[in-house]
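Results of the structural survey
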Amino acid sequence: MAGYDDRDGKIWMDGKLVEWREAKVHILTHALHYASSVFEGERCYSGRIFKSVEHSERLRRSAELLDMPLPWTVEEIEAAKTATLEANGLTDAYVRALAWRGAGEDMGVASARNPIRLAVAVWSWGNYYGDAKFKGAKLDISKWKRPSPETIPSAAKASGLYMICTMSKHAAEAKGCSDAMMFDYRGYVAEATGANIFFVKDGEVHTPLPDAILNGITRQTVIGMLRDKGITVHERYIEASELEGFEQCWLTGTAAEVTPVGQIGDYSFEVGALTREIATDYEKLVRA
């Protein structure tokens, strides 16, 4: 496909639909220099965005955490997403909503006088990890750690927080891996670069406590599914030494959906029955 700047279609920007190739910002846009931006990744299945309102609500919360309250309501964001999907003729698509501080009177770190802008783009996007969704992804272990919530707003889906994720994934891909698992600032297992992580041992599920990572919407959905099945879920701190004792592993995220993991560093996992069951049940849920 063509690059993301050179496609047919429409993108919603600040209240109107514009041609895809004309959806541009000025080089002195504050967010480009200081990462003053937040975003949401969502998937539309058969004409319905899964948990769309929850994503719109989180976009507004993320913006507030970055001291850039959005001048759009949840209802207006929802309408923008619907209009963008319709304008592009898509019923199955990835949806990206992005809010940022634009160019304005300020060009230093402070930017209170600069306008807050909003855009929505949609496109067709297959499996985030390719065929890893069927045979199990191979993960590297990142040298970068998720920082303390005392240093960043870890509850925000803020663009700047993904810098070390990009670096970690580049390093992983150079080693032939699909992604990288990250530890947090204390040395506990945290997440992959853009997805939450789950482990299985003796029929019970273990997943990191989200006190220094984003508590993903897909993560919360899968925990609910597991508990509805009567499966015990432990949200807790997970030591690196525990990796060798887990039997199964999977990732969750809007883009990743539920993706099995076959290897993390030197540790191997089976794509077992529970992993396959949750992946299948999630697929049914989002298309219900």
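Attention here is on the structure that accompanies the text.

Cut-off values and rules
Residues numbered from 1 in each chain as written. Predicted model: local features only at pLDDT ≥ 70, side-chain atom pairs only at ≥ 80, totals over all residues. Heavy atoms only, no water. Patch = residues over 30% accessible without salt bridge, like charges linked within 9 Å, V, L, I, M, F, W, Y side chains within 5 Å. Areas by Shrake-Rupley, 256 points an atom, 1.4 Å probe, with all protein chains shown as cover. Salt bridge = Lys/Arg side-chain N within 4 Å of Asp/Glu carboxyl O. Lys, Arg positive; Asp, Glu negative; His and termini not counted. Charge placed at Lys NZ, Arg CZ, Asp CG, Glu CD. Helix = DSSP H or I, 4+ residues; strand = E, 2+ residues; numbered from the N terminus. Buried < 20%, exposed > 50% of the residue type's maximum accessible area, 1.4 Å probe, protein only. Polar contact = N/O pair within 3.5 Å; in protein donor to acceptor, adjacent residues only side chain to side chain. Contact = heavy atoms within 4.5 Å. Expected span 1.5 Å × (residues − 1). Arc of directions from axis to C-beta. Pairing = 2+ DSSP bridges. Core = buried A, V, L, I, M, F, W, Y, C linked by side-chain atoms within 4.5 Å. Phe/Tyr/Trp six-rings, centres within 6.5 Å; stacked < 30°, edge-to-face > 60°. Lys NZ or Arg CZ within 6 Å of the ring centre and 35° of its normal.

For the rest of this paragraph, the subject is a negative patch on the surface. Together, Glu 54, Glu 57, Glu 75 and Glu 76 line one region of the surface with negative charge. The topology assignment puts Glu 75 in helix H3 (residues 74-88). We classify Glu 75 as exposed; its relative accessible area is 59%.

Our focus in this paragraph is the side chain of Glu 40. Looking at the element boundaries, Glu 40 is found in strand S3 (residues 37-45). Residue classification places Glu 40 among the buried residues on the basis of a relative accessible area of 0%. In this structure the side chain of Glu 40 is engaged in a polar contact, spanning 2.8 Å, whose partner is the side chain of Arg 58. Discounting residues that sit within four places of it in the chain, Glu 40 has contacts with His 55, Arg 58, Leu 59, Val 95, Arg 96, Ala 97 and Lys 157.

Helix length check: helix H7 (residues 273-286) (14 residues) gives 20 Å between terminal C-alpha atoms against 20 Å at 1.5 Å per residue, within 8%. Looking only at H7, the buried set comprises Leu 274, Thr 275, Ile 278, Ala 279, Tyr 282 and Val 286. For H7, the buried positions fall inside an angular range of 135° around the axis, keeping them on one side. In H7, the exposed positions angled more than 90 degrees off the buried face are occupied by Ala 273 and Lys 284.

Let's shift gears to the pattern of salt bridges. Counted under the stated rule, the structure contains 20 salt bridges. Its salt-bridge partner being Lys 10, residue Glu 19 comes within 2.5 Å of it at the nearest N-O pair. A residue is classified by how much of its surface remains accessible, and Glu 19, at 43% relative accessible area, is partly exposed. Residue Lys 10 is classed as partly exposed on the basis of its relative accessible area of 27%.

Once that is clear, we can look at the sheet that holds strand S1 (residues 10-13). Strand order in this open sheet of 6 strands is S2-S1-S6-S5-S3-S4, and the pairing throughout is antiparallel. Of all the strands in the sheet, the pair left with one neighbour each is strand S2 (16-19) and strand S4 (48-49). Direction of pairing for S3 relative to strand S5 (residues 93-101): antiparallel, over a ladder of 8 bridges. From the neighbouring strand, Gly 41 faces S5, where its bridge partner is Arg 96.

Following the sequence through the fold, Thr 207 ends up in strand S11 (residues 204-208). The buried category is assigned to Thr 207, whose relative accessible area is 0%. If near-sequence neighbours (up to four positions away) are discounted, Thr 207 is found in contact with Ile 197, Phe 198, Arg 219, Ile 223, Val 233, His 234, Glu 235, Arg 236 and Ile 238.

Among the nonpolar cores identified, the biggest contains 24 residues, and Leu 59, Leu 70, Leu 85, Val 95 and Leu 118 are the most heavily contacted of them. Residue assignment for this core shows that the elements contributing at least two residues are S3, helix H2 (52-65), H3, S5 and strand S6 (116-123). Residues in contact with Leu 85, not counting those within four places in the same chain, are Cys 44, Ile 49, Leu 90, Ala 93, Val 95 and Val 122.

Turning our eyes to something else, we now look at the packing of aromatic side chains. Aromatic ring pairs are reported here in terms of the distance separating the ring centres and the angle at which the planes meet. What the rule picks out here adds up to 11 aromatic pairs. Look at Tyr 94 and Trp 125: their rings are 4.6 Å apart centre to centre, the planes differ by 85°, and that puts the pair in the edge-to-face class. Here Tyr 94 is found in strand S5, whereas its partner Trp 125 is found in the loop between S6 and helix H4 (132-135), with 31 residues between them in sequence. By relative accessible area, Tyr 94 is classed as buried at 3%. Classification of Trp 125 as partly exposed rests on a relative accessible area of 30%. Through a chain of ring-to-ring contacts, the aromatic side chains of Tyr 4, Tyr 94, Trp 123 and Trp 125 assemble into a single cluster. The aromatic ring of Tyr 4 is capped on one face by Arg 7, whose charged end is 3.9 Å from the ring centroid.

The pairing of strand S7 (residues 137-146) with strand S14 (residues 257-264) spans 3 bridges and is parallel. Residue pairing across strands places Leu 139 opposite Ile 264, the latter belonging to S14. Bridge analysis of S7 against strand S8 (residues 179-184) gives 5 bridges, and the strand direction is parallel. Bridging from a neighbouring strand, Leu 139 pairs with Asp 179 of S8.

Fair warning: the whole summary comes from geometry, so function is off the table for now.
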